[in-house]
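Topology and contacts: notes
Listed below, chain by chain, are the residues.
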Amino acid sequence: MARVFNFSAGPAVLPEPVLQQAAAEMLDWHGSGMSVMEMSHRGKEFIDIHARAEADLRELMAIPRNYKVLFLQGGASAQFALIPMNLLRGKSGADYVNTGQWSKKAIADAKKYCKVNVAATSEPDSYTRVPKQSEWRLDPDAAYVHVTTNETIGGVEFHWVPDTGAVPLVADMSSHILSRPMDVSRYGLIYAGAQKNIGPAGLTIVIVRDDLIGQAMPQTPTVFDYKVQADNDSMSNTPSTYAIYIAGLVFEWLIKQGGVAAMERVNRAKAALLYDHLDRTEFYHSPVARDDRSLMNIAFTLRNEALDKAFIQESEAAGLFQLKGHRSVGGMRASIYNAMPVEGVKALVGFMQEFERKHG
Ligand SMILES: *Cc1c(COP(=O)(O)O)cnc(C)c1O
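Residues numbered from 1 in each chain as written. Predicted model: local features only at pLDDT ≥ 70, side-chain atom pairs only at ≥ 80, totals over all residues. Heavy atoms only, no water.

Quick notes on helix 7 (residues 259–280)
With 22 residues, helix 7 should cover 32 Å at 1.5 Å per step; its first-to-last C-alpha distance of 32 Å lies within 8% of that length. The inward-facing, buried residues of helix 7 abut helix 2 (44–61), helix 6 (241–257), strand 11 (284–285), strand 12 (297–302), strand 14 (332–335) and helix 9 (342–359). (Helix = DSSP H or I, 4+ residues; strand = E, 2+ residues; numbered from the N terminus. Expected span 1.5 Å × (residues − 1). Contact = heavy atoms within 4.5 Å.)

Quick word on the side chain of Asp308
Summarising the element assignment, Asp308 is placed in helix 8 (residues 308–317). Comment: no salt bridge for buried Asp308; closest opposite-charge side chain is Lys324, at 7.2 Å. Those residues in contact with Asp308 that sit more than four places away from it in its chain are Leu302, Gly331 and Met332. (Buried < 20%, exposed > 50% of the residue type's maximum accessible area, 1.4 Å probe, protein only. Lys, Arg positive; Asp, Glu negative; His and termini not counted. Salt bridge = Lys/Arg side-chain N within 4 Å of Asp/Glu carboxyl O.)

Thoughts on the layout of surface pockets
Reported here for the largest pocket is a volume of approximately 360 Å³. Looking at the largest pocket, it is lined by 22 residues, and the ones nearest its centre are Val13, Leu14, Ala339, Met340 and Pro341. Of all elements in the fold, only strand 1 (5–6), helix 1 (16–24), helix 6 and helix 7 reach the threshold of two or more residues within the lining of the largest pocket. Ranked by residues supplied to the lining of the largest pocket, first place goes to helix 7 with 4 residues. Residues of the lining of the largest pocket, tallied by class, amount to 16 nonpolar, 3 polar and 3 charged. (1 Å grid on protein atoms, 1.4 Å probe; cavity = no way out; pocket = protein on both sides within 12 Å on 5 of 7 lines; lining within 4 Å. Points joined across faces, edges and corners; volume = space filled by probe spheres on them. Nonpolar A, V, L, I, M, F, W, Y, C, P; charged D, E, K, R; others polar.)

Here's the deal with the sheet that holds strand 3 (residues 93–98)
Pairing within the open sheet is mixed, and its 7 strands lie in the order 2-10-9-8-5-3-4. At either end of the open sheet lies a strand with only one pairing partner, and these are strand 2 (67–72) and strand 4 (115–121). In this sheet, neighbouring strand axes are inclined to one another by 20° on average, regardless of whether the strands run parallel or antiparallel. Sitting on the sheet, helix 2 touches strand 2 and strand 10 (204–209), and the angle it makes with strand 2 is about 130°. (Pairing = 2+ DSSP bridges. Axes fitted to C-alpha atoms, helices over the stretch in contact; angles between N-to-C directions.)

A look at the environment of Tyr226
Residue placement: Tyr226 occurs in helix 5 (residues 226–231). Among all residues touching Tyr226, those that are not within four sequence positions of it are Leu70, Leu72, Gln79, Leu82, Ile83, Asn86, Leu189, Val206 and Ile213.

What about the site of the ligand?
In the region of the ligand, 13 residues are neighbours, and Ser77, Thr152, Asp172, Gln195 and Lys196 sit closest. Ser77 is positioned with one of its side-chain polar atoms (N or O) 2.6 Å from an oxygen atom of the ligand. In the environment of the ligand, an oxygen atom lies 2.4 Å from a nitrogen or oxygen atom belonging to the side chain of Thr152. Starting from 380 Å² of accessible surface for the ligand in isolation, the protein chains cover 86%. The dominant element in the shell around the ligand, judged by the number of residues it contributes, is helix 3 (residues 75–87), at 4 residues. Each residue belonging to the shell around the ligand can be placed in one class, and the counts come to 3 nonpolar, 8 polar and 2 charged. (Near = heavy atom within 4 Å. Polar contact = N/O pair within 3.5 Å; in protein donor to acceptor, adjacent residues only side chain to side chain. Areas by Shrake-Rupley, 256 points an atom, 1.4 Å probe, with all protein chains shown as cover.)

A look at a nonpolar patch on the surface
Taken together, the side chains of Met26, Leu27 and Met37 define a hydrophobic patch exposed on the protein surface, amounting to about 320 Å² of accessible area. Following the sequence through the fold, Met26 ends up in the loop between helix 1 and helix 2. Using a relative accessible area of 31% as the deciding quantity, one classes Met26 as partly exposed. (Patch = residues over 30% accessible without salt bridge, like charges linked within 9 Å, V, L, I, M, F, W, Y side chains within 5 Å.)

Notes on the pattern of salt bridges
Opposite charge on two side chains permits them to pair, given that their charged atoms come into close proximity. Per the stated rule, a full pass over the model turns up 18 salt bridges. Glu54 is the salt-bridge partner of Arg58, the closest N and O atoms lying 2.9 Å from each other. Residue Arg58 and its partner Glu54 are both found in helix 2; the two are separated by 4 residues, about one turn of the helix. Note on Arg58: relative accessible area 22%, which makes it partly exposed. By relative accessible area, which is 18% here, Glu54 ends up buried. As a salt-bridge pair, Glu135 and Arg129 come within 2.9 Å of each other at their nearest N and O atoms. Here Glu135 falls in the partly exposed class, since its relative accessible area comes to 32%. Arg129 sits in the partly exposed class, given a relative accessible area of 21%.

Considering the pairing of strand 10
Strand 10 sits mainly inside the fold: 5 of its 6 residues count as buried. As judged from the 6 bridges shared by strand 2 and strand 10, these two strands associate in the antiparallel manner. The residue bridging Leu72 from the neighbouring strand is Thr204, located in strand 10. Pairing of strand 9 (residues 189–193) with strand 10 involves 5 bridges; the strand directions are antiparallel.

This is the structure in structure tokens:
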């Protein structure tokens, strides 16, 4: 068996011990004589798997008791519409900060349901920075303020928590949830698709303060009404059972690694290896403002774009996969989520040095 170093932005690398455990338990989960995929979501076995996954996530993120944890479907993209449907609570508008392709999509969908005030944008800077809070023009009557705390495509991350006063802060954390400690109590709602830093595609996690739910627009689909799902332990309909099981294994693995504080140390060390190299040479370039660089998605370019194709070909030959940047921005991108071992980043930096020697 030959595994490669997989720098995909998502679906992305998973911890090898998790995949091994899933393989070992594939046909017979804990003596049940069934695969988790084959179990009723109402049976005792799956209810235990589900409860354990939620409890471990609560422990990892220190989620306060007055927050609900929902395991939903539809991807982070479904939340772009479901957030206004559930959180407008009779108000007419919401504030959005536009920091990249994902915020832009969230804004486009929100506009179908409410008046969107773009409180700040880095679009004129090609999304290479996070606008400082002093630049924001917030509407005090907004139902909520939406931010994308890690822009997966541009590689731009909030390293601070915005202050929105009494207006709930809503964050799309899809690509950096669990990468470091986050103070959940500063947010009204946090959401994340699982396929970046948690587990398989098909599961979307929503963490929401309980006073914000229960006032969904009447036309909200029942399975996407946060209150209905909260009252039914996310089992108003059949949840993505297997994805929840794998996410649960990832949560156990994270706890064994020492939790999110330990992950942060490793993630900072991995990101520093790459950024230091990008800053050391003229051959490569990081377009992102230093203070706003993502620890998870590292976007970079080759000064000589004509070498892009060779870079991809030779990196694959060296066992380093999925380094091509998003089609909307070009260049390269290395996604180095929790499950990417430091050896993978060292191999990438070694390859980049070698490539520069050869083509520089
Ligand atoms: C990947 C991603 C999404 C979209 O996730 P889907 O599961 O494809 O809907 C949304 N926001 C961010 C920040 C992402 O990285």
